[in-house]
Each structure stands twice: as C-alpha cells, then as structure tokens.
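Architecture and fold: a report
Single-letter residue listing:
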Amino acid sequence: MRQRVVALLGQGQELYPVTCASAVFGDHGPDIPRHYEFELCAEHPGPIRTTMGVDIVVERGLEALDDAGTILIAGCPSPSLTPATCDAVLAAHTRGARIVAVSSGIKLPAHLGLLDGRTAAAHWEITGWLARNYPKVRADGTVLYVDHGDVATAGATATTLDLCLNQVRREHGAALAMRIGRQFAAAPQREGHQRQFPALPTTGPVPDSLAPLLDWIAANLDRPLTLADMATRSGMSARTLNRHFHEQLGISPGRWLLDRRIASTRALLEETDLPVETIAERVGLSSAVNLRRRFRSAVNTTPAAYRRAFR
C-alpha cells in the first residue's frame, strides 16, 4: 500500500516547502514506481491564505492525520499550536506516524516534547528563540537536516527537497530517490550534516571602545595580525583587550579575526573568480593550504564546492 504523506497547513502558509514535498511524494508517471500519496489538510478546511497573497482551498481537516504515514509541518503558520492540532499530531506520532518539520515548523514537535534531548536542525535565525523557549531541544543552526526516523527536521525551506528525497532513499533505496530527483534536476544528494550557509557576519553594533580597532582590523585583513598587534593598536595590554572582547563581543580577538577572514573568503568566492591562492593572500590566511583547512573547519565544505554552489 502507498504511504500517505499529509501536509498540515495554516493561514499565512509558505507554499515552497509544500510544493517541494508534493514534487517528491507525488505522481512521477508510469515509469517510476509510486509509493506515496500526497495531500493537504488544515485544522479549519477551506481557503488558506498563503505568503504569495493568494488562497488555496484545503478540503480535509485534522481527520486526515488519522492514517497518515508522514506528516509534513511546513513552517509554523497560524494557528499551529492549538490544542486540537497538537492533540492530532501527537496522536499520529504515538501510533507511528513520521513527523517532518521544516524551518519554523520545528516549533510544533518542540512544543510536543518530541525533540527533548535530541538534536534538531533549525534555521540559524531561530536557534536563540528555541534555546529560550525549548531548552531541552539541541537546536543546530549549522546543518541542513537531522533525521531521527520518527521525527525529522530541516533548517531552511530550501532543504525540504533534500529531506524528502532522503526519506525516499531510506524507505525505498537510493536508485528510486535518484530517479525522482532527476525528474526535476535536483542537485546531487546532500547529506544532513552539510552546513547551512547563513548570511555573512558583519561587525554589527559594537561598543564605541572597540569600534576603531575593529574597523582597523577589517581594513588590514591581509596582514599577519597578532594579538600583540591588536593590543598595541588599541592602546591596551593583550590581557585587557582579550577581556574586553569576551565581555563585549562574547568571543576572543583571535576568533573574531578568523571569523572576519572566513566571511571575506566567502564573499570573494561568491563574487569573484579570483584563485584560492590570491584570496588567501587578500584575507590574511597566508596560503591556499591554510585557507582550505580553515574554511573546511568553519563551513564544512571546500572553497571550490562553496563557489560552485553560488556561482
């Protein structure tokens, strides 16, 4: 029998993750075996407003979850944490349904306690909110997705495709997942532990006492700066400067400097065709070998792979 995959929608729904799931779990023609049925439901069936400014009509209510094999929670529209919705999703999980939560959709399984003591992929913008509201959840804002079998989470909506294809691969093999992905020219398989690419960090608002120094560091990234150099420039001792960084920025001077160098490397990889050796010199990482080592440690991919992803 085909497994029923049901997307639970609400007002203010983002459609992209829903259409991604539909593309994976829908009909792919007579040449590809069909193992899934895909449909929509809502706590209150009828017109559902989307972020595109148009409505879609959802015909089924929460009873659609009664025999669903997989429940997709594509974001956290309104309402989504009502007692009726929570009870229906928890009952489905208890009887063995798989819960797939994308982006802010992680709020629902977190609210139900399904992620307590577990790692969950979360968009890097909401990891702080999750830490404050659901401290038992180990929210990881760096990885693409985490799949525990009964509950799977994806940090960003663009990862929905990867997570759904991963489910096909787990349940029916890599060959079928590749055939389905090839139909819509999906990128090669991306493992869940691959890194998200958050926005390039900026200095942001900084204390007046450090602003001149940080501006000077950013303007001199190509130099082999040391803690002593930064301390001399700031007019402080190395120990005092280190304390100021920890108190006002939460990291050490060396960590801040490396983060700026990695951020500049990312920008140059995205926006230029400069060789890695040249980039290494411009950002102060001395050599291509050192840049590749530092970049992989920070972003969990190679400079070449990162550039291909953005160019």
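Going by the structure above, here's the rest.
The shown structure was predicted, so the numbers you read here are calculated from the model rather than taken from an experiment.

About the criteria used
- Residues numbered from 1 in each chain as written.
- Predicted model: local features only at pLDDT ≥ 70, side-chain atom pairs only at ≥ 80, totals over all residues.
- Heavy atoms only, no water.
- Helix = DSSP H or I, 4+ residues; strand = E, 2+ residues; numbered from the N terminus.
- Buried < 20%, exposed > 50% of the residue type's maximum accessible area, 1.4 Å probe, protein only.
- Contact = heavy atoms within 4.5 Å.
- Lys, Arg positive; Asp, Glu negative; His and termini not counted.
- Charge placed at Lys NZ, Arg CZ, Asp CG, Glu CD.
- Arc of directions from axis to C-beta.
- Pairing = 2+ DSSP bridges.
- Axes fitted to C-alpha atoms, helices over the stretch in contact; angles between N-to-C directions.
- Salt bridge = Lys/Arg side-chain N within 4 Å of Asp/Glu carboxyl O.
- Core = buried A, V, L, I, M, F, W, Y, C linked by side-chain atoms within 4.5 Å.
- Parallel < 35°, antiparallel > 145°, perpendicular 65-115°, else oblique.
- Left-handed = near helix turned anticlockwise from the far one by under 90°.
- Nonpolar A, V, L, I, M, F, W, Y, C, P; charged D, E, K, R; others polar.

So, about the overall build of the protein. Looking only at helices and strands, one finds 13 helices and 10 strands in the protein. With the C-alpha coordinates aligned to their principal axes, the bounding extent of the protein is approximately 70 × 45 × 35 Å. The proportion of buried residues among the 311 residues of the protein is 47%. Taking contacts inside the protein between residues at least 6 apart in sequence as the whole, the part at least 24 apart equals 64%. If you average the places of the 34 positive and of the 31 negative side-chain charges in the protein, the two averages end up 8 Å apart.

Let us look at unusual backbone geometry. For S286, which is not a glycine, the phi torsion comes out positive at approximately 70 degrees. Mapped onto the secondary structure, S286 falls in the loop between α11 (276-283) and α12 (288-299). Phi at N300 takes a positive value of approximately 65 degrees, unusual for a residue other than glycine.

Okay, helix α9 (residues 238-248) next. Buried within α9 are the following residues: L241, H244 and F245. Axial view of α9: buried residues confined to an arc of 100 degrees, hence all on one face. Turned more than 90 degrees away from the buried face of α9 sit R239 and E247, all of them exposed. Just past α9, the residue G250 takes up positive phi, approximately 80 degrees.

Another aspect to go through is the sheet that holds strand β6 (residues 98-102). Strand order in the open sheet formed by 6 strands is β2-β1-β5-β6-β10-β9, with mixed pairing between adjacent strands. Across the chains shown, the open sheet's two edge strands, defined by having one partner strand only, are β2 (36-42) and β9 (145-147). Here the strands of the sheet are splayed against their neighbours by 15 degrees on average, with no regard to which way each runs. Of the strand pairs in this sheet, strand β1 (residues 3-9) and β2 are connected by 7 bridges, and their pairing is parallel. Of the residues in β2, the one forming a bridge with V6 is E39.

On to the pattern of salt bridges. Under the defined criterion, the tally for this structure stands at 12 salt bridges. For R49, the salt bridge is made with D55, and the minimal N-O distance between the two is 3.0 Å. Overall, R49 belongs to the partly exposed group, its relative accessible area being 42%. Taking the shortest distance from any N to any O, the salt bridge between R170 and D147 comes out at 3.5 Å. Note that R170 is positioned in helix α5 (residues 160-172) and D147 in strand β9, a separation of 23 residues in sequence. Salt bridges sharing common partners tie together R4, E39, R60, E63 and D67.

With that out of the way, let us pick up the nonpolar core. Within the largest apolar cluster, 30 residues are counted, with the highest numbers of intra-cluster contacts made by V24, F25, F38, L72 and V168. For this core, the elements supplying multiple residues, two or more each, are β1, α1 (16-25), β2, β5 (70-74), β6, β10 (151-154), α5 and α6 (174-183). Setting aside its immediate chain neighbours within four residues, F25 contacts V5, Y36, E37, F38, C164, Q167 and V168. L8, C86, A88 and L130 belong to the second largest nonpolar core, which has 28 residues in total.

Contact geometry for α1 and α5: axes closest at 9 Å, N-to-C directions at 30 degrees. In this view, α1 runs roughly parallel relative to α5, as classed from their interaxial angle. Where α1 crosses over α5, the two elements pack in a sense that is right-handed. Here P17, C20, A21, V24 and F25 of α1 come into contact with α5, specifically with T160, L161, C164, L165, Q167 and V168. Partitioned by chemical class, the residues of the contact of α1 with α5 number 9 nonpolar, 2 polar and no charged.

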